[in-house]
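A closer look at the structure
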Amino acid sequence: MEMPPGTLVFEDPPVHDIHRRLLARVFTPRRITQLEPKIRAFCERILQPVTGADRFDLVEAVGAEMPMRVIGMLIGIPEADQTTFRDRADATLETGDGGRIAQEDILNTDGFQEYIEWRKKHPSDDLMTDLMAAEFEDEKGKRRTLTDEEVLTYCTVVAGAGNETTGRLIGWFGALMARYPETRRELAADPSLIPNAIEEILRFEPTGPFTARYVTRDVDFHGRTVPAGSAVRFIQAAANRDPRRFDDPDRFDIHRVCQHLSFGVGAHYCLGAALARLEGKVAAEEILRRFPDWEVDWDAAELAQTSTVRGWKILPLVIQGAGRAGRAG
């Protein structure tokens, strides 16, 4: 199948490098850092309805909401329409038993075109405006701006990637903190440990556990020839548990210092890594501040069935001392 230009995860240099540089202008450390107050405000707002509750679904309340608001703000999607775009992206990745993602849905850009036309007349400080105005030299040496189709692709890729993976990270935080209550209590007592805890969660339960590639020519890997036309799957989740790299890799340890592969490595390292880390940190801080003690109703919990990401579709938290938490919050 033909993938439209700007689908970074499916591109090779030099085209990949050209397209990546355009997005890198948006995902700068300074810009991400400036988002923290808004991200925290989103998190506080979506946690307000469940503060004091004795039970709630963490995915529904936070995992499916906060990343959507952040990505919507970053791209420039009006808040009233953000839920529609999130649901469309989620539906694209869902698969049934033994099924696979529909080819025609891989990059569904329905709905973005009207915003592009509107943004042309109403520029703003967002990704869509920046992409429409960006000048660059393409792979043919021509100086130009992006076509509407290319802007559509970029926005679709960012919307899908930013919603799904970060939402799953928040779900794994809730699940692992229930499984390891001593760790949860340690983080609640010392929030400065949360950033490293997020790294260990990403290593231990990566939201993107594998990546597949199509081999266009014969290539040698470790003394074996992989013939052209083959499909190759790289399992980052297995690499994150490699005993040659990590001591006692199946032990969850928030004090572990490690370099995991959940964001990839090299040319395809995730552009949104800093944003995902920030959202995970803020969500963990705000959740622990309101709910320092919880269990999961595992009988009612459900893993999502998707083509590319792994995480919880439903994760009911049962709050211990809910009344006290509500008054304290």
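None of the values given here were measured: they were computed from a predicted structure. All residue numbers here refer to positions counted from 1 along the written sequence of the relevant chain. It should be noted that, the model being predicted, local features are given only for residues of pLDDT at least 70 and side-chain atom pairs only at 80 or more, the latter also being counted only at that level, while totals for whole chains, interfaces and linings use all residues. Only hydrogens and water are set aside when side-chain values are computed; all heavy atoms of the structure are taken into account.

A look at the sheet that holds strand β8 (residues 294-296)
Under the convention used in this document: Two strands are counted as paired when DSSP detects at least two bridges linking them. Note on conventions: DSSP H or I runs of at least 4 residues are helices, E runs of at least 2 residues are strands, and numbering of each starts at the N terminus. Note on geometry: axes are lines fitted to C-alpha atoms, helical ones only across the stretch in contact, with angles between N-to-C directions running from 0 to 180 degrees.
Pairing within the open sheet is antiparallel, and its three strands lie in the order β1-β11-β8. Only two strands of the sheet have a single partner each, and these edge strands are β1 (55-57) and β8. Between one strand and the next, the sheet's axes are offset by a mean angle of 30°, whatever the strand orientation. Looking at chain direction, β1 and strand β11 (residues 316-319) are connected through three bridges and run antiparallel. When the sheet's bridge partners are listed, aspartate 57 is paired in β11 with proline 316.

Some points on the environment of alanine 237
This is how the line gets drawn: Type-normalised accessible area, obtained with a 1.4 Å probe on protein chains alone, sets the label of each residue: buried when under 20%, exposed when over 50%, and partly exposed for intermediate values. Here, two residues are considered to be in contact whenever any of their heavy atoms come within 4.5 Å of each other.
On the secondary structure map, alanine 237 appears in helix α12 (residues 236-239). Under the relative-accessibility criterion, alanine 237 is labelled partly exposed at 24%. With 33 residues separating them along the chain, alanine 237 and phenylalanine 204 place their C-alpha atoms 7.7 Å apart. In this structure, alanine 237 is in contact with Pro206 and Pro209, ignoring residues within four places of it in sequence.

A short note on the packing of aromatic side chains
Note the following rule: A pair of Phe, Tyr and Trp rings is counted when the ring centres sit within 6.5 Å of each other, with Trp represented by its six-membered ring. The angle between the planes then sorts it: under 30 degrees is stacked, over 60 is edge-to-face, the rest tilted. Note on criteria: charge over ring means Lys NZ or Arg CZ within 6 Å of the ring centre, with the direction from the centre no more than 35 degrees off the ring normal.
Evaluated as defined, the whole model comprises eight aromatic pairs. Measuring from ring centre to ring centre gives 5.1 Å for phenylalanine 56 and phenylalanine 291, while their planes differ by 50°; the resulting arrangement is tilted. With a gap of 235 residues between them, phenylalanine 56 in strand β1 and phenylalanine 291 in the loop between α13 (273-290) and β8 connect regions that are remote in the sequence. Exposure class is identical for phenylalanine 56 and phenylalanine 291. Each is buried. Summarising the aromatic geometry, the rings of tryptophan 172 and tryptophan 312 are spaced 5.5 Å apart at their centres and angled 65° between planes, so their arrangement reads as edge-to-face. With a gap of 140 residues between them, tryptophan 172 in helix α9 (residues 148-179) and tryptophan 312 in strand β10 (residues 312-314) connect regions that are remote in the sequence. One aromatic cluster in this structure is built from Trp172, Trp298 and Trp312. One cation-aromatic arrangement involves arginine 184 over tryptophan 294; the distance from NZ or CZ to the ring centre is 5.3 Å. Just above the ring of phenylalanine 246 sits the side chain of arginine 203; from NZ or CZ to the centre is 5.3 Å.

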